[in-house]
Amino acid sequence: ARQLEWLKQALVSAPPGAIKIVAGGSQFWKRAGRFEGWYHFETERRAFAEWLVAQRIEGIVFLSGDRHFSELLRIERPDAYPLHEFTSSPLTSRPPARLDAADRDNPDVVAGTQVARRQFGLIRVTGPGDDRRLALESYDSAGTLLWRHELRVGDLRFPRRPGTGK
């Protein structure tokens, strides 16, 4: 409870327009699976997701690991911008022989980003504050780019409410 309160306070007190990267060792937004992840704590995860919307927390991207492969999840939310979670594991992690069904059939995976091989992730932040960009990239052990997905800061904002400016 104290850690979650600390996270919430950090998100609320971040400067307006800031990009906020929330990093953890296990996946946050994957729907199901047999390994550790926040899907084992659905009540807490749902409450946090609702809090993000209620507080209108913008600019948030999640970073996770320890799955021995890479992927980018895009979680659609009604009346909110989609959440993105970049999963990348250590270059020294042996990849799985094959992905299980919960991984292979996940509709939240951004096409072309699920790579079950030795890889490492890189996040590049470029551009001025009002047009900041995050490039989420995955590379193999030889340094060859496996995939790249770019997010603009505008992709991490709530749709504006007509007539309110918010």
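About the criteria used
The residue numbers shown here count from 1 along each chain, following its written sequence. Selection of residues for local features in this predicted model requires a pLDDT of at least 70, selection of side-chain atom pairs for listing and counting requires 80 or more, and totals for whole chains, interfaces and linings are taken over all residues. Only heavy atoms go into the side-chain values, all of them from the structure, while hydrogens and water stay out. Strands are runs of DSSP state E lasting at least two residues, helices are runs of H or I lasting at least four, and both sets are numbered from the N terminus onward. To get the radius of gyration, use the C-alpha atoms; to get the globule rule, take the number of residues to the power 0.38 and multiply by 2.2 Å. Throughout this description, buried means an accessible area under 20% of the type-specific maximum (1.4 Å probe, protein chains only), exposed means over 50%, and partly exposed covers the range between. The contact definition used throughout considers only heavy atoms, calling two residues in contact when any of these lie within 4.5 Å. All accessible-area figures derive from a Shrake-Rupley calculation using a 1.4 Å probe, and residue coverage is judged against the displayed protein chains alone. In this description, strands pair whenever DSSP reports at least two bridges between them. Pairs were defined over the aromatic rings of Phe, Tyr and Trp, the Trp ring being its six-membered one, requiring ring centres within 6.5 Å. Orientation was assigned from the angle between planes: stacked under 30 degrees, edge-to-face over 60, tilted for the rest. To sit over a ring, a charge needs its Lys NZ or Arg CZ within 6 Å of the ring centre and within 35 degrees of the ring normal. Throughout this description, a polar contact denotes any pair of N or O atoms lying within 3.5 Å of each other; where both atoms belong to protein, one of them has to be capable of donating a hydrogen while the other can accept it, and for residues adjacent in sequence the pair is counted only when both atoms sit in side chains. Lines fitted to C-alpha atoms define the axes here, with helix axes fitted over just the stretch in contact, and angles between the N-to-C directions of these axes take values from 0 to 180 degrees.

Undergrad: Could you clarify how one ought to interpret the overall build of the chain in this entry?
TA: If you tally the helices and strands in the chain, you get three helices and seven strands. Here the chain has a C-alpha radius of gyration of 16 Å; the compact-globule value for 166 residues is 15 Å, and the two agree. Per-residue burial over the chain gives 39% buried out of 166 residues. The contacts in the chain between residues at least 6 apart in sequence include a share of 56% that link residues at least 24 apart. In the form shown here, the chain has an accessible surface area of approximately 9300 Å², with 53% of it arising from carbon and sulfur atoms.

Undergrad: What exactly am I supposed to notice about the environment of Glu36 here?
TA: Topologically, Glu36 is positioned in the loop between strand S1 (20-23) and helix H2 (42-54). Measuring from C-alpha to C-alpha, the distance between Glu36 and Asp66 comes to 9.3 Å, with 30 residues separating the pair along the chain. If we skip the residues at most four places from it in the chain, Glu36 touches Ser26 and Asp66.

Undergrad: Is there a simple way to explain the pairing of strand S5 (residues 119-126) in this structure?
TA: Looking along a regular strand, one sees side chains alternate from face to face of the sheet. Note that S5 and strand S6 (residues 133-140) share eight bridges and pair antiparallel. Paired with Val125 across the two strands is Leu134, which belongs to S6. The hairpin formed by S5 and S6 contains six residues between the paired strands, and Gly127 there has a positive phi angle of roughly 90 degrees.

Undergrad: What am I meant to see in the packing of aromatic side chains here?
TA: Two aromatic rings, taken as a pair, are described by how far apart their centres are and by the angle between their planes. One pass over the full model with this rule turns up seven aromatic pairs. Ring plane angle 80 degrees and centroid distance 5.4 Å describe the contact between Trp29 and Phe62, whose orientation is recorded as edge-to-face. Here Phe62 lies in strand S2 (residues 60-64) and Trp29 lies in the loop between S1 and H2, a separation of 33 residues in the sequence. Residues Tyr81 and Phe158 carry aromatic rings whose centres are separated by 5.3 Å and whose planes lie at 85 degrees to one another, so their mutual orientation is edge-to-face. Of this pair, Tyr81 sits in strand S4 (residues 80-87) while Phe158 sits in the segment after strand S7 (145-152), and the two are 77 residues apart along the sequence. No difference in accessibility class separates Tyr81 from Phe158, as the two residues are buried. By the ring-pair criterion, three or more aromatic residues cluster together here, those being Phe28, Trp29, Phe48, Trp51 and Phe62. The residue whose ring lies beneath Arg77 is Tyr81, and the NZ or CZ to ring-centre distance is 4.7 Å.

Undergrad: When you look at the side chain of Thr113 in this model, what are you seeing that I'm missing?
TA: For Thr113, the position within the fold is in the loop between helix H3 (101-104) and S5. A polar atom in the side chain of Thr113 sits 3.0 Å from the backbone nitrogen of Leu72. With residues up to four places along the chain from it excluded, the contact list for Thr113 reads Ser70, Glu71, Leu72 and Trp147.

Undergrad: Explanation requested: the sheet that holds S5 in the structure shown.
TA: Pairing between sheet strands relies on hydrogen bonds along the backbone, with the strands arranged either parallel or antiparallel. The three strands lie next to each other as S5-S6-S7, forming an open sheet whose pairing is antiparallel. Edge positions in the open sheet fall to S5 and S7, since each of these has one partner strand only. When the angles between neighbouring strand axes are averaged without regard to direction, this sheet yields 15 degrees.

Undergrad: I keep staring at the sheet that holds strand S3 (residues 71-77) and nothing clicks. Help me out?
TA: In spatial order, the strands read S1-S2-S4-S3; together these four strands make up an open sheet with mixed pairing. The strands lining the two open edges of the sheet, one partner per strand, are S1 and S3. Looking at each pair of strands side by side, their axes are set apart by 25 degrees on average, direction ignored.

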